[in-house]
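Summary of the model geometry
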Amino acid sequence: MKIHSAIFVKSATRKAHYPETALPEVAFVGKSNVGKSSLINSLLNRKNLVKTSSTPGKTQTINFFELDGKLMFTDLPGYGYARVPLSVKKSWGKMVETYLREREGLKLVIFLLDIRRDPGEDTRQVAEWLDYYQVPFLTVITKADKARKSEIIQRRRVITAGLNISTEATVLCSARTGMGRRELWEKINDFVKISSYR
Ligand SMILES: Nc1nc2c(ncn2[C@@H]2O[C@H](COP(=O)(O)OP(=O)(O)O)[C@@H](O)[C@H]2O)c(=O)[nH]1
Ligand SMILES: [Mg+2]
């Protein structure tokens, strides 16, 4: 899978500012600092198209990218670095809920989880919410390079059990090593069905 051109289109917080496009769209969602921006850069083979940060909560807008004039990627703002359970009334909730409910071209959400963390209440609520709105999603367990080989199977089991999803329905990734890239692109293509990318 090779993307030749990846361009930043715009940032938006409300629907009126979303770019108008007929292209299919894939959105990345997850806790602040889980590695959304890094995974997008890794999938696109770019070092810094999407800014990454070690400070949680930096991305507060929805950022749209266009790939080869065929596909859109959106980097959604991260949720929950507080102990409070996710509330759709908070600004993250409003922004992301509106996006998930109303973005017509949205084909798939990539839901990122950190291999070192057990899913908390906020993460479980996001999973339930994706279910509720019937948004197709793929779970990605990322930062796999941070776990020892011997721990990976067990971590994957604990994380998927905590979210009530099947272990097979997740892709193990690392933006650092490139692990999972190919598998993730194949799965994305299954959802988006861009024939020239097969
Ligand atoms: N070891 C490791 N670090 C990662 C990985 N992905 C992201 N990071 C680091 O985690 C931090 C947050 O990443 P970022 O992509 O900005 O997260 P975001 O807030 O979800 O967009 C940065 O310091 C990244 O370098 C990964 O796969 N492995
Ligand atoms: Mg980010």
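You'll find the structure just up there.
Residues numbered from 1 in each chain as written. Chains lettered and ligands numbered in written order. Predicted model: local features only at pLDDT ≥ 70, side-chain atom pairs only at ≥ 80, totals over all residues. Heavy atoms only, no water.

For the rest of this paragraph, the subject is the overall build of the protein chain. Scanning the protein chain from terminus to terminus reveals five helices and seven strands. Start at the N end of the protein chain and walk to the C end: the helices and strands fall as β-β-α-β-β-α-β-α-β-α-β-α. Here the protein chain, with 198 residues, has 48% of them falling under the buried criterion. Summarising the internal contacts of the protein chain: among those between residues at least 6 apart in sequence, 74% fall at separations of at least 24. Accessible area for the protein chain stands at about 10,500 Å²; split by element, carbon and sulfur atoms hold 48% of it. (Helix = DSSP H or I, 4+ residues; strand = E, 2+ residues; numbered from the N terminus. Buried < 20%, exposed > 50% of the residue type's maximum accessible area, 1.4 Å probe, protein only. Contact = heavy atoms within 4.5 Å. Areas by Shrake-Rupley, 256 points an atom, 1.4 Å probe, with all protein chains shown as cover.)

Moving on, we get to the nonpolar core. Tyr99, Leu100, Val109 and Phe111 are the most contacted members of the largest nonpolar core, which totals 32 residues. The set of elements that each furnish at least two residues to this core consists of β2 (25-30), β3 (62-67), α2 (91-102), β5 (106-114), α3 (121-132) and α4 (149-163). Residues within four places of leucine 100 in sequence aside, it is in contact with Leu106, Val109, Trp129, Leu130 and Val135. In terms of nonpolar packing, the next biggest core, distinct from the first, is built from 26 residues, Leu43, Leu49, Leu67 and Val192 among them. (Core = buried A, V, L, I, M, F, W, Y, C linked by side-chain atoms within 4.5 Å.)

The seven strands lie next to each other as β1-β3-β4-β2-β5-β6-β7, forming an open sheet whose pairing is mixed. With one partner strand each, in any of the chains shown, β1 (6-12) and β7 (170-172) form the two edges of the open sheet. Between one strand axis and the next, the sheet turns through 25 degrees on average, direction left out of account. Pairing between β2 and β5: six bridges, direction parallel. What sits directly across from valine 26, in β5, is leucine 108. (Pairing = 2+ DSSP bridges. Axes fitted to C-alpha atoms, helices over the stretch in contact; angles between N-to-C directions.)

Relative to the 16 Å expected for 12 residues at 1.5 Å per residue, α3 spans 16 Å between its end C-alpha atoms, a close match to the ideal helical length. Buried within α3 we find Asp122, Thr123, Val126, Ala127, Trp129 and Leu130. One side of α3 holds all its buried residues, which, seen down the axis, span an arc of 160 degrees. Projecting away from the buried face of α3 at angles above 90 degrees are the exposed residues Glu128, Asp131 and Tyr132. Considering only its buried residues, α3 is in contact with α2, β5, β6 (137-142) and α4. (Expected span 1.5 Å × (residues − 1). Arc of directions from axis to C-beta.)

With that out of the way, let us pick up the site of ligand 1. Around ligand 1 sit 17 residues, and of these Asn33, Lys36, Ser38, Asp145 and Ala175 come closest. Within the contact set of ligand 1, an oxygen atom lies 2.8 Å away from a side-chain nitrogen or oxygen of lysine 36. Aspartate 145 is positioned such that a nitrogen or oxygen atom in its side chain is 2.7 Å from a nitrogen atom of ligand 1. Protein contacts shield 85% of the accessible area of ligand 1, which totals 580 Å² for the unbound molecule. Top element by residues in the shell around ligand 1 is helix α1 (residues 36-43). It accounts for three residues. Each residue belonging to the shell around ligand 1 can be placed in one class, and the counts come to two nonpolar, nine polar and six charged. (Near = heavy atom within 4 Å. Polar contact = N/O pair within 3.5 Å; in protein donor to acceptor, adjacent residues only side chain to side chain. Nonpolar A, V, L, I, M, F, W, Y, C, P; charged D, E, K, R; others polar.)

That's the geometry; what it means functionally is another story.
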